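Tertiary structure, described
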Amino acid sequence: EARPDADLLEGLNGPQREAVTYRGQALLIVAGAGSGKTSVLTRRIASLLRTREAYPSQILAITFTNKAAGEMRERVHQLIGQRADGMWISTFHSACVRILRREAQQFGFTKAFTIYDSGDSRALIKRLVKEHEGDAFGLTPAGTQSRISKLKNELADAESYARQANTSDPAERVFIEIFAAYQRELQRANAFDFDDLIAQTVYLFRAFPQVADVYRKRFRHILVDEYQDTNHAQYALIHELTRPPGSDAEPMSAGGMMIFEAEPAAESGASLTVVGDSDQSIYAFRGADIRNISEFERDYPGAKVVLLEQNYRSTQNILSAANAVISNNFDRKDKKLWTDVGAGDPIIGFTGYSQHDEAQFVADEIEALHRKGVDYAQMAVFYRTNSQSRALEEIFIRSAVPYKIMGGTKFYERAEIKDALAYLVAVANPADEMALRRILNKPRRGIGDVTETAIARYAAEHGITFRDALANSPQLGVGPKLQKAIDQLDAVLSEASALMLPASGELAPSTAVTEGLTLLLNKSGYFDALRASRDPQDEARLENLDELVAVTREFARNNPDGTIIDFLTEVALVADADDLDDASGSVSLMTLHTAKGLEYDAVFLTGVEEDLLPHRISAGEPGGPQEERRLFYVGITRARKRLHVSLAMTRAQFGEVTVAMPSRFLQEIPADLIDWRQSPGDVNGRGGTQSRALNARGRRPGQGGTSGSRYGDDLVPLPKRAPADPSKFPNRIPAKVRDNGDMELAAGDRIRHDDFGEGRVDAITGEGAKRVAHVRFDTVGAKKLLVKIAPISKL
Ligand code: ATP
Ligand code: MG
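Here is what the cut-offs are and how they apply
- Counting restarts for each chain, with residues numbered from 1 along the sequence as it is written.
- Lettering for chains starts from A, numbering for ligands starts from 1, and both go in the order in which the items are written.
- Since the coordinates come from a predicted model, pLDDT governs what is reported: local features require at least 70, and pairs of side-chain atoms require 80 or more to be given and counted, while whole-chain, interface and lining totals use all residues.
- Strands are runs of DSSP state E lasting at least two residues, helices are runs of H or I lasting at least four, and both sets are numbered from the N terminus onward.
- Burial is judged by counting other C-beta atoms within 10 Å of a residue's own C-beta: 20 or more means buried, 12 or fewer means exposed, and anything between counts as partly exposed, with every C-beta placed from the backbone.
- What counts as a contact here is a pair of residues whose C-beta atoms, placed from the backbone, lie within 7 Å.
- Interaxial angles span 0 to 180 degrees and are taken between N-to-C directions of axes, which are lines fitted to C-alpha atoms, for helices over the stretch in contact.
- Throughout this description, any angle smaller than 35 degrees is read as roughly parallel, any larger than 145 degrees as roughly antiparallel, any in the 65 to 115 degree range as roughly perpendicular, and the remainder as oblique.
- For any helix crossing, the convention is left-handed if the near helix is rotated counterclockwise from the far helix by under a right angle, and right-handed if that rotation is clockwise.
- In this classification, Asp, Glu, Lys and Arg are treated as charged, Ala, Val, Leu, Ile, Met, Phe, Trp, Tyr, Cys and Pro as nonpolar, and every other residue, Gly included, as polar.
- For every residue, the predictor reports its confidence as pLDDT, a number between 0 and 100.
- Two strands qualify as a pair provided DSSP detects at least 2 bridges between them.
- What a helix should span is 1.5 Å times the count of its residues minus one.
- Of all possible arcs, the one meant is that of the directions from the helix axis to the C-beta atoms.
- In this text, near has one meaning. A residue is near a molecule or strand if its C-beta atom, placed using the backbone, is within 6 Å of it.

Going by the annotation in an unreviewed UniProt entry, the name recorded for the protein chain is DNA 3'-5' helicase, with Microbacterium mcarthurae given as the source organism.

**Describing the overall build of the protein chain**
Each helix and strand counted, the protein chain has 30 helices and 22 strands in total. Within the protein chain, the fraction of its 795 residues that count as buried is 46%. Contacts in the protein chain between residues at least 24 apart in sequence constitute 73% of all its contacts with a sequence separation of at least 6.

**Brief notes about the packing of helix H3 (residues 37-50) against helix H4 (residues 66-80)**
H4 packs onto H3 with a crossing angle of 45 degrees between their chain directions and a minimal axis gap of 9 Å. The pairing of H3 with H4 is recorded here as oblique in orientation. The chirality of how H3 crosses H4 is right-handed. On H4, the residues that touch Thr-42, Arg-43, Ile-45, Ala-46, Leu-49 and Arg-50 of H3 are Met-72, Arg-75, Val-76, Leu-79 and Ile-80. Each residue belonging to the contact of H3 with H4 can be placed in one class, and the counts come to seven nonpolar, one polar and three charged.

**What about the confidence of the model for the protein chain?**
Looking at the protein chain, pLDDT values average 84 and 87% of them are 70 or higher. The low-confidence segment residues 251-265 (pLDDT under 50) makes 23 contacts with residues lying over four places distant or belonging to another chain. Ignoring residues within four places in sequence, the model shows residues 686-737, a span with pLDDT below 50, making 84 contacts including any to other chains. Across the interface, the model reports ipTM at 0.99; the global pTM reads 0.77.

**Digging into the pairing of strand E9 (residues 347-352)**
In regular strands, side chains alternate between the two faces of the sheet. Counting buried residues along E9, five of its six residues qualify, which places the element largely inside the surrounding structure. When E9 meets strand E17 (residues 674-678), the two strands line up parallel, connected through four bridges. In the strand pairing of E17, Phe-350 is matched with Gln-678. Pairing between E9 and strand E14 (residues 639-648): five bridges, direction parallel. Paired with Gly-352 across the bridge in E14 is Ala-648.

**Thoughts on helix H22 (residues 480-500)**
The first and last C-alpha atoms of H22 sit 30 Å apart over 21 residues, in line with the 30 Å expected at 1.5 Å per residue. Those residues of H22 that sit buried are Ala-485, Ile-486, Leu-489, Val-492, Leu-493, Ala-496 and Met-500. Projected onto a plane normal to the axis of H22, the buried residues spread over an arc of 120 degrees and lie on a single side.

**Regarding the site of ligand 1**
Not every one of the 19 residues close to ligand 1 is listed here, only the nearest: Gly-36, Lys-37, Thr-38, Ser-39 and Tyr-312. With three residues, H3 is the largest single contributor of residues to the shell around ligand 1. Its residues assigned to classes, the shell around ligand 1 shows four nonpolar, eleven polar and four charged.

**Remarks on unusual backbone geometry**
With an omega of 0 degrees, the peptide bond running from Lys-442 to Pro-443 counts as cis. Residue Pro-614 is reached from Leu-613 by a cis peptide bond, and omega for that bond is 5 degrees. Within the fold, Pro-614 resides in the loop between strand E13 (600-605) and helix H27 (624-636). For Glu-226, which is not a glycine, the phi torsion comes out positive at approximately 55 degrees. Within the element layout of this structure, Glu-226 appears in the loop between strand E6 (221-224) and helix H12 (232-242). What makes Glu-226 buried here is the crowd of 24 C-beta atoms within 10 Å.

**Let's talk about the sheet that holds E6**
Spatial ordering of the open sheet is given by E3-E2-E6-E7-E1-E8, a layout of six strands whose pairing is parallel. If you trace the sheet from one side to the other, it starts and ends with strand E3 (88-91) and strand E8 (304-308), each paired once. Adjacent strand axes in the sheet meet at a mean angle of 15 degrees, parallel and antiparallel pairs treated alike. Where strand E2 (residues 59-63) meets E6, four bridges bridge the pair, whose relative direction is parallel. Bridged to Ala-61 within E6 is Leu-223.

In structure tokens, the structure reads:
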């Protein structure tokens, strides 16, 4: 008779089917990009539910980003036709936050703990390095932070590190002191940094086996996507969770904490399924360890291994390029991906004179594809470093290409957003001294360093928190004006706290976060200070804060019972990994690291130059260039139908124009797979014809390609515009570039554009700042321009 999950197996190939239906303790699925690893994981969850082998609450699935978690949840829902609410599908970080929120009181934290992002932890480390005079020993905040982070990913703490460090080296001793002080400060502030979320959960499980058992009994099926990028702490977490409940915990030094006696094992450990591709391991710099895959069979004896080789995502041309590139890495198991969808279009190559030229090519191609019916949302532009987005954004705005920056969003890094969140944190977690210190004089209330120190000293002397010291202003010995300022701040925080943290278990209304945030920003005078300012940047800051208020509203809609702590958790996790909004209707821009696991019809790989990809910093790292190659491989394999690779021969960065060389990776793609619209040779003058696109754009001031000098300045026109200053992008709109807000334009008008020359307006659509002119240029043809900012004048 038919299996209850038969429909879930439809369309799967043999190995995929096996991966969905295998029932054993441990299953490892290793396969190349686009071979259905994530799909198989999703179907496996659906199958476990459908056959009633598992309740939703017994499933823990780990994905790489929050976005991927959302998609997987949605897919499972579609497959089994019912919501599976108790299921945990989340990132490592989110899963650990959920566990820690429940259990933190077991080891000296409260459930309202703050999550320090890397900026917060950098600020704290900076202070400690200064206090310990670390710079005299060559310790920098950045270097110290990254060392501490690496150690935590290895599950080392200051004490265990000290035991094996060379403590006759004074610099080592200072580092260890700073590490220990950092940990004490975090504990005092009731805070975890990102690495702690994982590491402390592991400590928790090891120190309190009866707590671990709760989760071991609960999660009977654990599934991990992108396993190649797990680090040791994550590996250990999974290992703890898959031990049989009641099994002996490993003895550990738990700093005086009690180790409970274990019950005899009653049940077997959870079943574990991991999927990964060692060719896509791109997080070694964060401690990811490919050995977690290669040694899986040793760690989980009797594990079943399934290989998937058929790729369902990309055309053969794209796959051939990917296979060719990755085969240059040594020390890997060769696996050849194949597809039966046919060769497809050739890969398109383009070399720009400058990054603006390159960006213009990307924008033009996107518009051309869009006209052919490709959705904007089905196109993505990748780059190696965040700063490369600026030139792209500038050109996209001018060309009215809708876009959205994904991942590592800068939004939550803005000073005003961090201020607003610090106000919320100060309410939710009064122990968080850093948040309080941050807002002490924001807006300016005359509370300077001297007063701040006085408050801190009073707190220390009386053994109370910084927050409680604030509430004791008469004892601080400051003048009446300052005392009033402190009292006002104290009152605002108390009022917000009454609103957002009602006493005695009563639930705050879902609107509490929105109301609390508005109250804090209003009554603290923060809004007023920005409104009174004449700095145009402050206008943008107000808009950003409005956006944050909108985020709280959306949060309340999605989480009717959500508290301020839930909100701060969501923000902390999202700010680290990916965006709140989706990119519907827009082209996605992101770094190659963020692109992992995603797929798009058309992909643009930009800045494929030496020093960028492979990145300069990789050169000195062991295995660095190989990791960069895997990054390039990840980028290529995101494309379904169309792949573009591009570079610029000059790149303006940090105010300097440098001459760039084509990346060695380009040469690793078989030449017959790339159709160069404009090859590096065209640009540097070694022959080839100037591209039509460039002629048409009038950007060819007579460079004929006859000069002998390869990268001579005479051949490489400098970028037309000065490199953009980031501060001029308050809302990603180059406000200083131009404002034609009130230009009266109508169909039939003739205009001149700085880049495209003269043209005739065919139509005007949209209104206000979103007014778009549809212009037919004499040289480059039809273009859509955002009237407000396009470099145009009326003739
Ligand atoms: P990556 O390594 O990039 O994470 P992956 O191995 O996780 O890739 P998926 O994202 O699961 O691959 O699948 C790639 C694409 O192939 C998806 O669009 C998926 O829907 C499709 N796909 C997977 N298996 C099949 C199948 N048997 N038949 C048709 N399409 C499939
Ligand atoms: Mg995947």
